[in-house]
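Observations on the model geometry
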Amino acid sequence: MQVPVLVSGPAPAWFEDVPRRLGVVASAGEDEFSAAGLGRHRHGEAWTGG
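Now for a description of the structure that goes with this document.

Scanning the protein chain for helices and strands turns up three helices and zero strands. Listing every helix and strand of the protein chain by position from the N terminus yields α-α-α. Classification of the 50 residues of the protein chain by burial places 6% in the buried group.

This is the structure in structure tokens:
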């Protein structure tokens, strides 16, 4: 069974600001998504195992 991917292509520019606006602070060598523990969700292919 294939899971449909609802979003493809690059994220809109505002999307990358969301963790920062929520107060996430990144350490040197990481971005806010990784600092918030969301790095594994960065690419939709990883969600579907592809």
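Inspection of the secondary structure assignment puts Glu 32 in helix H2 (residues 32-35). Exposure remark for Glu 32: the relative accessible area of 16% places this residue in the buried category. One polar contact links Glu 32 to Arg 20, side chain to side chain, over a distance of 3.3 Å. Setting aside its immediate chain neighbours within four residues, Glu 32 contacts Pro 19, Arg 20, Val 24 and Ala 26.

What follows covers a nonpolar patch on the surface. Together, Trp 14, Phe 15, Val 18 and Leu 22 give the surface a local cluster of nonpolar side chains, amounting to about 450 Å² of exposed area. Mapped onto the elements, Val 18 comes out in helix H1 (residues 18-21).

So, about the pattern of salt bridges. Per the counting criterion, the structure on display carries two salt bridges. For Glu 32, the salt bridge goes to Arg 20, with nearest N and O atoms at 3.3 Å. Taken together, the residues span a long stretch of sequence, with Glu 32 in helix H2 and Arg 20 in helix H1 at a distance of 12 residues. Since its relative accessible area comes to 43%, Arg 20 is described here as partly exposed.

A few words now on the environment of Val 18. What makes Val 18 partly exposed here is its relative accessible area of 32%. Linking Val 18 and Phe 33, residues 15 residues apart in sequence, is a C-alpha distance of 9.0 Å.

Cut-offs used in this document
Residues numbered from 1 in each chain as written. Predicted model: local features only at pLDDT ≥ 70, side-chain atom pairs only at ≥ 80, totals over all residues. Heavy atoms only, no water. Helix = DSSP H or I, 4+ residues; strand = E, 2+ residues; numbered from the N terminus. Buried < 20%, exposed > 50% of the residue type's maximum accessible area, 1.4 Å probe, protein only. Polar contact = N/O pair within 3.5 Å; in protein donor to acceptor, adjacent residues only side chain to side chain. Contact = heavy atoms within 4.5 Å. Patch = residues over 30% accessible without salt bridge, like charges linked within 9 Å, V, L, I, M, F, W, Y side chains within 5 Å. Areas by Shrake-Rupley, 256 points an atom, 1.4 Å probe, with all protein chains shown as cover. Salt bridge = Lys/Arg side-chain N within 4 Å of Asp/Glu carboxyl O.

By themselves, these figures tell us nothing about what the structure is for.
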